[in-house]
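What the coordinates show
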Amino acid sequence: MENGANPLSELPLQTFQDIPTPKADAQQIVALVKEEGRVTGYKLADGRILSREEGVQLAREGGIQGVGVATNKGTEYLKSLPDGSEENNLGNLPSVSKD
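Below: a short report on this structure. What you see is a predicted model; the values in this text were computed from it and never measured. (Residues numbered from 1 in each chain as written. Predicted model: local features only at pLDDT ≥ 70, side-chain atom pairs only at ≥ 80, totals over all residues. Heavy atoms only, no water.)

1. Some words on the sheet that holds strand 1 (residues 29–35)
The four strands lie next to each other as 3-2-1-6, forming an open sheet whose pairing is mixed. The open sheet has two free edges, formed respectively by strand 3 (49–51) and strand 6 (95–96), since each of these has just one partner strand. (Pairing = 2+ DSSP bridges. Helix = DSSP H or I, 4+ residues; strand = E, 2+ residues; numbered from the N terminus.)

Right, here's the structure in full:
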């Protein structure tokens, strides 16, 4: 191990396909849009509601902070970056409807 680094601490980051660098004005996700228990989009701090695909694209452009892009069965989605706090994980955010 180099410089006492723990290789296990990097395991969570390996699940990401892309970890974009957020811009200075990047938004924060404040709620998840769910339909039948599945995340279909994201509500941002400025009130915008994005589809899952729009959220992934905006995150890749640096427009959303604290997330990376992951893939499950060919579907891209946003995932919280590990920061040692459970409180700000996407799974702990409230759910809203698309309307």
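Moving on from the model shown.
2. Description of the nonpolar core
Counting 14 residues, the largest nonpolar core has Ile29, Leu44, Ile64, Val67, Leu78 and Leu90 as its most contacted members. Secondary structure elements with two or more residues in this core: strand 1, strand 2 (38–44), helix 1 (52–60) and strand 4 (67–72). No other element matches helix 1, which puts three residues into this core. (Core = buried A, V, L, I, M, F, W, Y, C linked by side-chain atoms within 4.5 Å. Buried < 20%, exposed > 50% of the residue type's maximum accessible area, 1.4 Å probe, protein only.)

3. Quick notes on the packing of aromatic side chains
Enumeration over the complete set of coordinates arrives at zero aromatic pairs. Geometry around phenylalanine 16 places lysine 79 over its ring, the cationic atom sitting 5.5 Å from the centre. (Phe/Tyr/Trp six-rings, centres within 6.5 Å; stacked < 30°, edge-to-face > 60°. Lys NZ or Arg CZ within 6 Å of the ring centre and 35° of its normal.)

4. A word on the pairing of strand 5 (residues 75–80)
Pairing of strand 4 with strand 5 involves six bridges; the strand directions are antiparallel. Considered in strand 5, the bridge of threonine 71 is made with glutamate 76.

5. Some words on unusual backbone geometry
Despite not being glycine, glutamate 36 shows a phi value in the positive range, around 55°. With respect to the helices, strands and loops of the structure, glutamate 36 is situated in the loop between strand 1 and strand 2. Despite not being glycine, lysine 73 shows a phi value in the positive range, around 55°. As for its position among the elements, lysine 73 is in the loop between strand 4 and strand 5. For lysine 73, a relative accessible area of 81% gives the class exposed.

Without other data, these values stay purely geometric and don't point to any function.
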